[in-house]
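Given next are the chains, with one letter for each unit.
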Amino acid sequence: MLAVHLVSFFFSKLKEDPTKKVDRFLYTMRLHDDQLSDISARFQAEMKKGLSAESNAAAAVKMLPTHVRSTPDGSEKGQFLALDLGGSKFKVLQVKVREGVGIKRGEVEMEEKTYPIPKELLTGRGAELFDHVSESLKDFLLEKNISLEKKHPLAFTFSFPCEQPSLDQGLLLSWSKNFRARGFQGKDVVQGLREAIDRTGGMDMEVLAIVNDTVATMMTCGFDDKYCEVGLIIGTGTNACYMEELRHVGLVEGDEGRMCVNTEWGAFGDDGALKDYITEFDRDVDAASNNPGKQIFEKMVSGMYLGELVRLVVLKMAKRGLLFDGHVSDALRTKGKITTAHVAAMEEYKNGLRNTKDILTNLDLTPSPDDCISVQHVSTIVSFRSSNLVAAGLAAILTRIKQNRNLRTMRITVGVDGTVYKTHPQYPKRLHKVVRRLLPECHVRFVLSDSGSSKGAALVTAVAQRLASQKRKVDETLSPFRLSHKQLQLVKARMRAGLEAGLKSKGPTAIKMLPSFVYRTPAGTERGKYLALDLGGTNFRALLVNFKKGRQQTPRLYHKIYTIPLEIMQGTGEELFDHLAECISEFLDYMGVKNARLPAGFTFSFPCEQSAIDTGTLVSWTKGFKATDCEGHDVVGMLRDAIKRRNEFDLDIAAVVNDTVGTMMSCAYEDPQCEIGLIAGTGTNVCYMEELKNIEKTEQKKGQMETEQGASEQDDGTKGKGGDADIRRMCINTEWGGLGDDGSLDDIVTSYDVEVDKNSINPGKQRFEKLTSGMYLGEVVRQVLLDLTRGGLLFRGHVTETLKKPGIFETKYLSQIESDRLALLQVRSILQGLGLDSTCNDSIIVKQVCGAVSRRAAQLCGAGMAAVVDKIRENRGLDHLNITVGVDGALYKLHPHFSGALQETARAMAPQCNVTFLPSEEGSGKGAALITAVARHKEEM
């Protein structure tokens with residue numbers, strides 16, 4: 001008897017607060033934030049699994065690539081037809097993007113007609129379904145007086161899971177939403193549509209894109225909001241898509257840019273990932289569905305199932321006597337009698353309880369006021385769980401985007417469509433609130449899609465057309481930089497002709513071919529301490545090099561770097577050399593050798609005429625130097641004079657050396673086969689060991705060479721380390737940067753190169769160097785970017801003051817931007833640091849421009865190198881030449897692809913030569929010390 005009273009008391013208490021009994025009954029459906037964060041983390045793991053090519057096959061969440069690579073930028077235009085197939089009805093539309101008089105930028109006009117789909121077609125033959133779609137399309141054309149003869153671009157919104165090998169192919173993975181048409185699973189639905197159009201006849205359609213409704217929603221909202229990079233559907237079904245970094249999309253080749261991924265998140269949980277969150281009601285809904293065990297997440301959140309979940313909960317509560325005094329009607333037992341529309345009606349703010357009473361009365365029930373409150377609360381918990389689960393999934397997507405882009409905070413827009421979101425009075429507010437609570441560091445905006453899936457499909461096609469047109473125009477712009485094998489052969493031939501002319505001519509030539517009076521490479525036995533001075537750019541370097549045991553032991557090297565201010569680079573010659581003397585004085589003090597009078601080599605990386613190894617008359621400044629009263633003067637003499645004026649120390653300057661010669665000597669100390677030096681940095685140059693008999697510059701110089709040669713033979717006695725070959729050759733500083741100064745490269749010079757040359761401090765000079773060296777490549781890129789922007793192909797056509805500023809795009813940015821390890825987000829960051837607000841697609845184009853300019857530079861250097869090595873081979877009468885090139889310069893060493901393209905071209909252009917490239921360590925400085933050591937060794941013998 002006591003037990004009866006306790007039960008009675010318990011039920012009376014429940015009746016006092018109708019919502020509490022529902023809370024107890026459905027406690028497993030009420031999810032707190034820790035649980036939502038856990039679900040979000042699980043979904044992130046499923047996303048990662050689906051993106052990977054290795055694990056995709058076993059993944060429940062398929063993460064399907066869509067081949068949609070860009071959201072709209074507002075410049076799209078055109079007229080398109082669109083089909084939208086995804087429910088019990090489908091639409092045919094005509095979409096005009098910025099077409100017609102009076103249409104403002106960014107506006108879209110649409111005409112549409114909805115066609116019902118007979119139920120028998122949902123489960124009949126797939127071909128019959130597509131015939132119906134095609135016949136409806138023709139009916140639309142006739143009704144709207146749209147030409148049947150004209151070719152029409154067609155976009156196809158197909159709201160079922162498809163694997164897309166390309167934008168215009170969709171292999172159906174499975175039907176959903178009561179569709180079961182036979183004969184199409186695993187087949188290309190676009191091809192099925194094309195065949196149906198052919199069977200209908202009388203239409204000329206070009207199906208350009210197949211689009212999931214989720215993607216179309218994102219694209220529609222992205223047309224009006226550039227921050228929209230996520231699409232969300234919460235309607236009959238549910239799904240989400242977002243813009244993923246292409247490097248993470250394992251099922252698609254390529255790593256540049258982004259691609260929209262259709263998550264197909266309705267299948268989340270199909271592999272048991274949600275088993276501890278699934279209730280008995282979810283299991284009942286799943287068991288009674290057309291696809292048991294599939295689309296678990298969708299069955300927990302989407303409009304097709306929410307009403308049924310409420311019905312099953314209410315039925316069970318009634319059976320337990322918790323509702324309607326235990327009365328259960330036949331209608332309540334009938335599947336589908338409570339719909340998602342009923343759920344929305346029951347949760348209306350003002351009329352919810354009245355609607356609940358009407359709905360229950362129509363189910364042949366007699367609800368009390370408490371029953372109505374309880375059933376309304378059941379609806380609230382079921383729909384609230386739906387919005388919570390969607391929020392958890394969305395939080396996972398937004399977290400991934402934020403992590404991909406390495407952002408602490410993020411502004412992003414989610415485009416949303418679907419009847420649940422649109423018609424449920426509380427759903428949007430709940431969803432927004434939970435998402436923002438889970439991700440407080442993100443500013444998330446939700447935008448309701450307007451005719452999303454239909455308009456979006458047309459926009460996908462419009463974007464695809466824009467990108468194709470843009471790519472074509474960018475390719476046309478960059479085509480002059482892409483040199484053919486024939487063009488490279490011509491460059492090689494012209495370089496060879498320039499080398500020959502420079503060796504023989506008594507007058508001015510484009511390639512100077514300056515004698516260096518270095519007759520031999522190091523023997524490897526050099527000993528002692530030497531000072532090396534290195535002037536080649538904006539820095540001056542002083543070095544102390546100690547050679548001990550030849551090649552067996554690495555020389556000990558100490559150095560300091562001193563800046564050359566711009567006002568001194570472009571001041572007077574006396575000021576420049578006084579500054580160098582001051583730097584040397586400080587270095588000698590620093591090293592404690594001020595009174596030692598060490599032999600010194602002076603690396604001077606500018607064109608000089610040498611009449612002996614320790615004299616060098618400056619021919620012309622390069623690399624931004626313009627110091628007055630230097631050209632035509634002996635730079636060694638100018639340095640000696642500056643040292644005398646300072647009157648603090650004395651130096652024995654034994655050799656003046658070009659940095660290219662110093663690099664060759666430095667590498668030859670490591671590799672005796674090294675007989676070529678290459679600089680590919682701020683400037684570019686090559687030196688090599690030429691036969692003395694081929695050097696016909698002047699009779700006076702030739703006599704000087706013969707005297708030097710005789711002294712060398714007499715001093716050596718045994719012909720030196722390399723025999724006769726060593727005393728029959730001299731290193732020639734080619735100064736190949738002047739190739740083209742005579743117009744010989746005019747056929748490959750672009751308008752951008754002309755502009756760079758015109759704005760340089762030496763117009764018409766060093767034309768080859770301006771095509772290939774670090775001082776100019778960034779400026780060539782800037783000129784191309786400026787042209788592309790003016791043409792509306794970059795930065796939304798906005799030419800900033802930054803982009804107009806010469807020199808702003810330094811060559812170091814090419815090396816950074818072209819790095820294979822650099823994500824486009826970092827490229828974008830570099831551009832933004834330069835004041836260039838770029839999209840992802842802008843970053844791709846900038847990277848293409850950098851690649852085209854730097855590859856051309858490397859190929860030109862490779863073709864020039866082929867001319868040099870072939871000349872050496874022919875000089876020596878060899879069928880095959882093995883030779884090493886010593887290389888220095890930031891462009892060669894730091895650019896990720898320059899060295900590879902240079903080597904590849906040199907080997908292709910000179911197939912009879914086996915050329916090894918050896919990067920120099922401390923090249924020009926150590927080389928100057930070695931030349932000094934070689935010169936002093938001869939004097940001592």
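All residue numbers here refer to positions counted from 1 along the written sequence of the relevant chain. Predicted model: local features are reported for residues with pLDDT of at least 70 only, side-chain atom pairs are reported and counted for 80 or more only, and whole-chain, interface and lining totals are derived from all residues. The side-chain numbers reported here are obtained from all heavy atoms of the structure, hydrogens and water having been left aside.

Chemist: I'd like a description of the overall build of the protein, backed by residues and values.
Modeler: Regarding its fold elements, the protein presents 34 helices and 26 strands. Throughout, radius of gyration means the C-alpha value; the globule benchmark is 2.2 Å times the number of residues raised to the power 0.38. In summary, the protein has a C-alpha radius of gyration of 39 Å against a globular reference of 30 Å for 941 residues, an excess of more than 25%. Taken along the three principal axes of its C-alpha coordinates, the protein extends 130 × 75 × 50 Å. For every residue, the accessible area (1.4 Å probe, protein chains only) is compared with the maximum for its type, and the residue is labelled buried under 20%, exposed over 50%, or partly exposed between those bounds. Taking all 941 residues of the protein together, 59% fall into the buried category. When the accessible surface of the protein is summed, it comes to about 38300 Å², and 48% of that surface belongs to carbon and sulfur atoms. Counting rule for charge: Lys and Arg are taken as positive, Asp and Glu as negative, and neither His nor the chain ends is counted. Every charge is mapped onto a representative atom, which is NZ of Lys, CZ of Arg, CG of Asp or CD of Glu. Treating the 122 positive side-chain charges of the protein as one cloud and the 122 negative ones as another, the clouds have centres 4 Å apart. Numbering of helices and strands starts at the N terminus; helices are DSSP runs of H or I of at least 4 residues and strands are runs of E of at least 2. Accessibility throughout is a Shrake-Rupley quantity obtained with a 1.4 Å probe, and a residue counts as covered only by protein chains that appear here.

Chemist: I'd like a rundown of the sheet that holds strand 8 (residues 204-211), residues and numbers included.
Modeler: Pairing between two strands requires that DSSP report at least two bridges joining them. Pairing is mixed in the open sheet, where 5 strands are placed in the order 4-3-2-5-8. Two strands close off the open sheet at either side, each with one partner strand: strand 4 (108-116) and strand 8. Neighbour-to-neighbour, the strand axes of this sheet turn through a mean angle of 25 degrees, independent of strand direction. Direction of pairing for strand 2 (residues 78-85) relative to strand 3 (residues 89-97): antiparallel, over a ladder of 8 bridges. Paired with Asp84 across the strands is Lys91, a residue of strand 3. Only heavy atoms matter for contacts: two residues are in contact if any of them lie within 4.5 Å across the pair. Between N-to-C directions, angles cover 0 to 180 degrees, with each direction set by a line fitted to C-alpha atoms, over the stretch in contact for helices. Across the face of the sheet, helix 5 (residues 126-143) comes into contact with strand 2, strand 3, strand 4, strand 5 (151-158) and strand 8 while running at roughly 130 degrees to strand 4.

Chemist: Now, about helix 25 (residues 751-758): what can you tell me, with residues and values included?
Modeler: Of all the residues in helix 25, the buried ones are Tyr752, Asp753, Val756 and Asp757. Burial along helix 25 is one-sided: seen end-on, the buried residues are contained in an arc of 135 degrees. Facing away from the buried side of helix 25 by over 90 degrees, the exposed positions are Ser751 and Lys758. Working definition: the arc comes from the directions between the helix axis and the C-beta atoms, pointing outward to the latter.

Chemist: Provide a residue-level description of helix 10 (residues 303-319), including the pertinent values.
Modeler: Counted at 1.5 Å a residue, the expected span for helix 10 with its 17 residues is 24 Å, and the 25 Å between its end C-alpha atoms agrees. A large share of helix 10 lies buried, amounting to 14 of its 17 residues. The positive-phi residue at the C-terminal boundary of helix 10 is Gly321, with phi of around 80 degrees. Residue count minus one, scaled by 1.5 Å, sets the expected span of a helix.

Chemist: Requested: an account of the environment of Gly886, with residues and values cited.
Modeler: Relative to the elements of secondary structure, Gly886 occurs in strand 25 (residues 881-888). Once residues lying within four places of it in the same chain are set aside, the contact partners of Gly886 are Thr663, Cys667, Cys674, Ile676, Gly677, Leu678 and Leu918.

Chemist: With reference to specific residues and values, describe the pattern of salt bridges.
Modeler: Salt bridge, as used here: a side-chain nitrogen of Lys or Arg that lies within 4 Å of a carboxyl oxygen of Asp or Glu. Per the counting criterion, the structure on display carries 60 salt bridges. A salt bridge links Arg437 to Asp33, with the shortest nitrogen-to-oxygen separation between them at 2.7 Å. Taken together, the positions of Arg437 in helix 16 (residues 427-438) and Asp33 in helix 3 (residues 33-51) put the pair 404 residues apart, joining distant regions of the chain. The residue Arg646 makes a salt bridge to Glu648 at a minimum N-O spacing of 3.4 Å. For Arg646, a relative accessible area of 31% gives the class partly exposed. Within the structure, one salt-bridge network assembled from shared partners comprises Lys492, Arg496, Glu500, Glu690, Asp870, Lys871, Arg873 and Glu874.

Chemist: Give a detailed account of the pairing of strand 9 (residues 228-234), specifying residues and quantitative values.
Modeler: Within a regular beta strand, the side chains point alternately toward one face of the sheet and then the other, so they alternate between its two faces. Among the 7 residues that make up strand 9, 7 are buried, leaving the element largely enclosed by the rest of the structure. Examined bridge by bridge, strand 9 and strand 12 (residues 410-417) share 5 bridges and lie parallel to one another. Following the sheet pairing, Ile233 is matched in strand 12 by Asp417. Two strands pair when backbone bridges link them, and strand 9 and strand 10 (residues 238-245) are joined in this way by 5 bridges, in the antiparallel orientation.

Chemist: Give me the lowdown on the packing of helix 8 (residues 280-287) against helix 10, citing residues and values where you can.
Modeler: Here helix 8 crosses helix 10 at 120 degrees, and the two axes come no closer than 10 Å. On the basis of the axis angle, helix 8 is oblique to helix 10. For the element pair helix 8 and helix 10, the recorded crossing hand is right-handed. Side by side, helix 8 and helix 10 meet where Glu280, Phe281, Asp282, Asp284 and Val285 of the first sit next to Tyr305, Glu308, Leu309, Leu312, Val313 and Lys316 of the second. Charged means Asp, Glu, Lys or Arg here, nonpolar means Ala, Val, Leu, Ile, Met, Phe, Trp, Tyr, Cys or Pro, and polar covers whatever is left, Gly included. Partitioning the contact of helix 8 with helix 10 into residue classes produces 6 nonpolar, no polar and 5 charged. Here the word oblique covers every angle except those under 35 degrees (roughly parallel), over 145 (roughly antiparallel) and from 65 to 115 (roughly perpendicular). A crossing counts as left-handed when the near helix is turned anticlockwise from the far one by less than a right angle, and as right-handed when that turn is clockwise.

Chemist: Lay out the packing of helix 10 against helix 14 (residues 369-404) in plain terms, naming residues and giving numbers.
Modeler: A pair of packed helices can be characterised by two numbers: the angle between their axes and the separation between those axes. Two elements in contact, helix 10 and helix 14, have axes separated by 10 Å at closest approach and are oriented at 140 degrees. When the interaxial angle is binned, helix 10 and helix 14 end up oblique. At the point where helix 10 passes helix 14, the crossing takes the right-handed sense. Residues Leu306, Leu309, Val310, Val313, Val314 and Met317 of helix 10 form the contact with helix 14, whose own contacting residues are Val375, Val378, Ser379, Val382, Arg385 and Ser386. Classifying every residue of the contact of helix 10 with helix 14 gives 9 nonpolar, 2 polar and 1 charged.

Chemist: Tell me what's going on with the side chain of Arg782, and back it up with residues and numbers.
Modeler: Topologically, Arg782 is positioned in helix 27 (residues 774-790). Judged by relative accessible area, Arg782 falls into the buried class, the value being 3%. Within polar-contact distance, the side chain of Arg782 engages the backbone oxygen of Lys804 at 3.3 Å. Ignoring sequence-local partners within four residues, the contact set of Arg782 consists of Leu803, Lys804, Lys805, Pro806, Gly807, Ile808 and Phe809. Polar contacts here mean pairs of N or O atoms no more than 3.5 Å apart (in protein, one a potential hydrogen donor and the other a potential acceptor; neighbouring residues in sequence count only if both atoms are side-chain atoms).

Chemist: Describe the sheet that holds strand 12, listing the residues and the values that go with them.
Modeler: Strands in a sheet are paired, the pairing made by backbone hydrogen bonds, and the direction either parallel or antiparallel. An order of 1-11-10-9-12-13 is seen for the 6 strands of this open sheet, with the pairing classed as mixed. Here the strands that pair on one side only, and so sit at the sheet edges, are strand 1 (64-65) and strand 13 (442-448). Looking at chain direction, strand 10 and strand 11 (residues 258-262) are connected through 5 bridges and run antiparallel. Bridging across to strand 11, Tyr242 finds its partner in Val261.

Chemist: So what about unusual backbone geometry? Which residues, and what values?
Modeler: Of note in this structure, His67 is not a glycine but carries a positive phi near 65 degrees. Within the secondary structure layout, His67 lies in the loop between strand 1 and strand 2. Exposure remark for His67: the relative accessible area of 17% places this residue in the buried category. Phi is positive for Asp364, close to 65 degrees, though the residue is something other than glycine. Relative to the assigned elements, Asp364 resides in the loop between helix 13 (352-361) and helix 14. For Asp364, a relative accessible area of 54% corresponds to the exposed category.

Chemist: Go over the packing of aromatic side chains with me, naming the residues and quoting the values.
Modeler: A pair of Phe, Tyr and Trp rings is counted when the ring centres sit within 6.5 Å of each other, with Trp represented by its six-membered ring. The angle between the planes then sorts it: under 30 degrees is stacked, over 60 is edge-to-face, the rest tilted. In the structure shown here, the tally under the stated rule is 27 aromatic pairs. By the ring-pair criterion, three or more aromatic residues cluster together here, those being Phe130, Phe156, Phe158, Phe160, Trp175, Phe179 and Phe184. The residue whose ring lies beneath Lys560 is Tyr590, and the NZ or CZ to ring-centre distance is 4.5 Å. Any Lys NZ or Arg CZ that is within 6 Å of a ring centre and within 35 degrees of that ring's normal is treated as a charge sitting over the ring.

Chemist: Tell me about the nonpolar core, residues and numbers included.
Modeler: Formed by 109 residues in total, the largest nonpolar core has its most connected members in Ile676, Phe809, Val846, Val849, Met865, Phe898 and Phe917. Counting residues per element, this core draws most heavily on helix 31 (residues 840-875), which supplies 17 residues. In contact with Phe898, other than residues within four places in its own chain, are Ala680, Thr772, Ser854, Ala857, Ala858, Cys861, Leu891 and Tyr892. Membership of the second largest hydrophobic core comes to 53 residues, among which are Ile39, Ile296, Phe297 and Leu438. Here, nonpolar core means buried Ala, Val, Leu, Ile, Met, Phe, Trp, Tyr and Cys residues that are tied together by side-chain atoms lying within 4.5 Å of each other.

Chemist: I'd love a proper account of the confidence of the model for the protein, names of residues and values included.
Modeler: Confidence scores here are pLDDT values: one per residue, from the predictor, ranging 0 to 100. With 91% of its residues at a pLDDT of at least 70, the protein reaches an overall mean of 87. Counting contacts from residues 99-105, a segment whose pLDDT is below 50, to residues more than four positions away or on other chains yields 9 contacts. A low-confidence stretch, residues 707-726 stays under pLDDT 50, and its non-local contacts, those more than four residues away or across chains, total 22 contacts.

Chemist: Please set out the side chain of Glu298 residue by residue, giving values where relevant.
Modeler: Residue position: Glu298 is located in helix 9 (residues 296-301). The buried category is assigned to Glu298, whose relative accessible area is 7%. A polar atom in the side chain of Glu298 sits 3.1 Å from the backbone nitrogen of Thr238. When neighbours within four sequence positions are excluded, Glu298 is seen to be in contact with Gly237, Thr238, Gly266 and Tyr305.

Chemist: Describe the state of the cysteines, listing the residues and the values that go with them.
Modeler: To count as a disulfide, a pair of cysteine sulfur atoms needs to be within 2.5 Å. In total, this model carries 0 disulfides according to the counting rule given. The thiol of Cys731 is not disulfide-bonded; the next cysteine sulfur, from Cys687, is found 3.6 Å away.

Chemist: Run through the environment of Asp837, naming residues and quoting values.
Modeler: Here Asp837 is to be found in the loop between helix 30 (824-833) and helix 31. Residue Asp837 is classed as partly exposed on the basis of its relative accessible area of 43%. For the pair Asp837 and Leu794, spaced 43 residues apart in sequence, the C-alpha separation works out to 10.0 Å. Among residues more than four places away in sequence, those in contact with Asp837 are Phe795, Arg796, Gln832 and Asp842.

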